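Topology and contacts: notes
Spelled out from the first residue to the last, the chains are:
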Amino acid sequence: KKWNISAHFSRIRSSGFYARQSTNDNAIALNSNYSSKNNRYNILVSLIYNSLENAENGGVVDDSVFEDNSGITRNVFNVNLDAANRKTINRSVFVKQYFNFGKAEKDSTKENAIIPSSKIILTTLYEDDLLKFQDNMPLSSFYSNIFYDSILTFDSTFHSKIENIVEWKRFDGKQHSGVIDMFGFG
């Protein structure tokens, strides 16, 4: 009665129409919330993981194939990149906790539940993102310049963030719902 959980999973895969056009997209999300029996403590939790992998082809070598390609299978057209891949990963964890202050009162739905007059809220977020590009054959003549390594091209960007917010919020539950209920600080 006081706890629930949900899960979501999504997967999209495709080989694409042209050579080296495959994609693999995965998304996982877990969510949960819990409320104590007396409504003094509440927590919300969310975990998210997304992963996207793509084969990169750099386009077809000769675009004249688009003029008359009736009866030709598209995946046989020559492409500019034969060994390039891109990967994107996103992960996040979100936790929001409430500690309610107030009197315990009998309510029609809850026995001795806290009717909050104010609350302390702690919100924590961690997320990171990765973008990676790799080509195992950079001498394919697709790149106009090769500056560092002619055997392998590898580039990546990583970003991470940690955020914590502590706040106190006042509200007048059953008596008012005006401007004074929005007063708080964080």
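Residues numbered from 1 in each chain as written. Predicted model: local features only at pLDDT ≥ 70, side-chain atom pairs only at ≥ 80, totals over all residues. Heavy atoms only, no water.

A word on the overall build of the protein
In terms of regular secondary structure, the protein is built from zero helices and seven strands. Shown N-terminal to C-terminal, the secondary structure of the protein runs as helices and strands in the order β-β-β-β-β-β-β. Looking at the protein as a whole, 23% of its 186 residues are labelled buried. Across the protein, contacts joining residues at least 24 apart in sequence account for 60% of those joining residues at least 6 apart. Total accessible area computed for the protein in this model is approximately 12,800 Å², and 55% of it derives from carbon and sulfur atoms. (Helix = DSSP H or I, 4+ residues; strand = E, 2+ residues; numbered from the N terminus. Buried < 20%, exposed > 50% of the residue type's maximum accessible area, 1.4 Å probe, protein only. Contact = heavy atoms within 4.5 Å. Areas by Shrake-Rupley, 256 points an atom, 1.4 Å probe, with all protein chains shown as cover.)

Things to note about the pairing of strand β4 (residues 84–105)
Pairing analysis gives 16 bridges linking strand β3 (residues 41–56) to β4, with the strands arranged antiparallel. Bridging from a neighbouring strand, Ile43 pairs with Gln97 of β4. For β4 and strand β5 (residues 113–135), the ladder comprises 22 bridges, and the chain directions are antiparallel. From the neighbouring strand, Gly102 faces β5, where its bridge partner is Pro116. (Pairing = 2+ DSSP bridges.)

Quick word on the pattern of salt bridges
Applying the stated rule across the entire model yields five salt bridges. Residues Lys87 and Glu53 are paired through a salt bridge, measuring 3.9 Å at the closest nitrogen-oxygen approach. With Lys87 in strand β4 and Glu53 in strand β3, this residue pair connects regions lying 34 residues apart in the sequence. Across the salt bridge formed by Glu163 and Lys161, the nearest N and O atoms sit 3.8 Å from each other. Accessibility expressed as a relative area gives 30% for Lys161, which makes it partly exposed. When salt bridges with common partners are traced through the structure, they connect Glu127, Lys161 and Glu163 into a single cluster. (Salt bridge = Lys/Arg side-chain N within 4 Å of Asp/Glu carboxyl O.)

Here we look at the nonpolar core
Counting five residues, the largest nonpolar core consists of Tyr18, Ala19, Val60, Phe77 and Val79. Sequence-distant contacts of Ala19, that is, excluding residues within four places in its chain, are made with Asn57, Arg74, Asn75, Phe77 and Val79. (Core = buried A, V, L, I, M, F, W, Y, C linked by side-chain atoms within 4.5 Å.)

Concerning the confidence of the model for the protein
When the pLDDT values of the protein are averaged, the result is 86; 87% of them are 70 or greater. Per-element averaging of pLDDT across the protein places strand β7 (residues 184–185) at the bottom with 65 and strand β2 (residues 23–35) at the top with 97. (pLDDT = per-residue confidence, 0-100.)

Quick look at the packing of aromatic side chains
Counting across every chain of the model gives three aromatic pairs. Considering the side-chain rings of Phe99 and Phe101, the 5.2 Å spacing of their centres and the 70° angle between planes classify their relative orientation as edge-to-face. Using a relative accessible area of 36% as the deciding quantity, one classes Phe99 as partly exposed. (Phe/Tyr/Trp six-rings, centres within 6.5 Å; stacked < 30°, edge-to-face > 60°.)

Quick notes on the environment of Gly16
Turning to its location among the elements, Gly16 is positioned in the loop between β1 (3–14) and β2. For the pair Gly16 and Ala55, spaced 39 residues apart in sequence, the C-alpha separation works out to 9.7 Å.

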